[in-house]
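# Fold and geometry: a report
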Amino acid sequence: MPATRIIDCHCHVYPQAIAARAVKGVSDFYGGVDSYGDGLASTVRTKWREYGVNHAVIFSVATKVEQVDRINSFIAKTVSESEGYFTGLGTVHQDVPDIPSVVENVISLGLRGVKLHPETQGCAIDDARLFPLYDACAQRIPVLLHTGDNRYDCSNPDRMLRLLSMFPKTTFIGAHFGGWSVWEEATRLLHGHDNFFVDTSSTFHWVDSSLVKGFIRTYGSDQVMFGSDFPMWNVKDELDSMLSLKLSDAEYENIFHLTAERVFGIR
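Below you will find a few notes about this structure. (Residues numbered from 1 in each chain as written. Predicted model: local features only at pLDDT ≥ 70, side-chain atom pairs only at ≥ 80, totals over all residues. Heavy atoms only, no water.)

Residues Leu133, Tyr134, Phe172 and Met242 are the most contacted members of the largest nonpolar core, which totals 78 residues. Leave out the neighbours within four places in its chain, and Met242 touches Thr200, Phe204, Ile216, Phe226, Leu247, Tyr252, Ile255 and Phe256. Ranked by size, the runner-up nonpolar core spans 14 residues in total, among them Val57, Leu144, Ala175 and Val263. (Core = buried A, V, L, I, M, F, W, Y, C linked by side-chain atoms within 4.5 Å. Buried < 20%, exposed > 50% of the residue type's maximum accessible area, 1.4 Å probe, protein only. Contact = heavy atoms within 4.5 Å.)

Next up on the list: unusual backbone geometry. Cis geometry is adopted by the peptide bond preceding Pro231, which originates at Phe230 and carries an omega value of 10 degrees. Looking at the element boundaries, Pro231 is found in the loop between β9 (224-225) and α10 (235-243). Notably, His176 is not glycine yet its phi reads approximately 60 degrees, a positive angle. For His176, the position within the fold is in the loop between β7 (172-174) and α8 (183-190). Accessibility expressed as a relative area gives 1% for His176, which makes it buried. You will see that Ser202, though not glycine, has its phi angle at about 45 degrees, which is positive. Take Ser202: it is sitting in the loop between β8 (196-199) and α9 (209-219). (Helix = DSSP H or I, 4+ residues; strand = E, 2+ residues; numbered from the N terminus.)

Summed over all chains, the structure comprises 19 aromatic pairs. A ring pair is formed by Phe29 and Tyr30, whose centres lie 5.3 Å apart and whose planes are at 75 degrees; its orientation type is edge-to-face. Like Phe29, the residue Tyr30 is buried in the burial classification. Clustering of aromatic rings is evident, with ring pairs tying together Phe29, Tyr30, Tyr152, Trp180, Trp183, Trp206 and Trp233. (Phe/Tyr/Trp six-rings, centres within 6.5 Å; stacked < 30°, edge-to-face > 60°.)

Everything listed is a geometric property; what it means functionally is a separate question.
Spelled out as structure tokens, the structure:
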């Protein structure tokens, strides 16, 4: 493996009681593609280690206001019980009355960012209701967004481009190379911004490897993080796909751990 450490930066995890239903929801979102995993943090801790993954970033998303505190507490507890294996991200919902207070709670819980999925939360990423979130996170913690979808218009590249201009001190991470199903448009519009990073999740299943390699070279490997999108994909297959690109050792070091360490403050 041409990297000294591997961090998986994109893992959805759920409580046992709702995991099966949540995994089905993820699968349905991607058009009924069969999911690999069960959505449990214990699976990531055991299986991912077998494939050489040293650390994982975990999160879940609130589709209702009343879920926010419960999810953030669950993620924080899961991190605290992981013996250092997990870094956690909190979540927020656009209709929370006091978003900055949620961000303060996320930080007090030791979580290292906020995760949004605009399509499932029913809110465009440049909706003014989310502006207090981006302000509260500026120069403190990053915001990881599901970005891109040719079936909707919540997080497509033009909206992301607007945010990068409006909130230059906020660090944004665009999942799926910044634009799931609109990868090439996203790469063309969004590369070259110091406050924008991408992860590699849920891309190899749909995109030819030569194009993926081009995305990485356009963004620059120091703006790219490896992510599996558990429970959708087996991390072994995602690792194999990454290695098939035959990048330089320096690029793999960035993608597999250095970028994530810098963005999330992982030690």
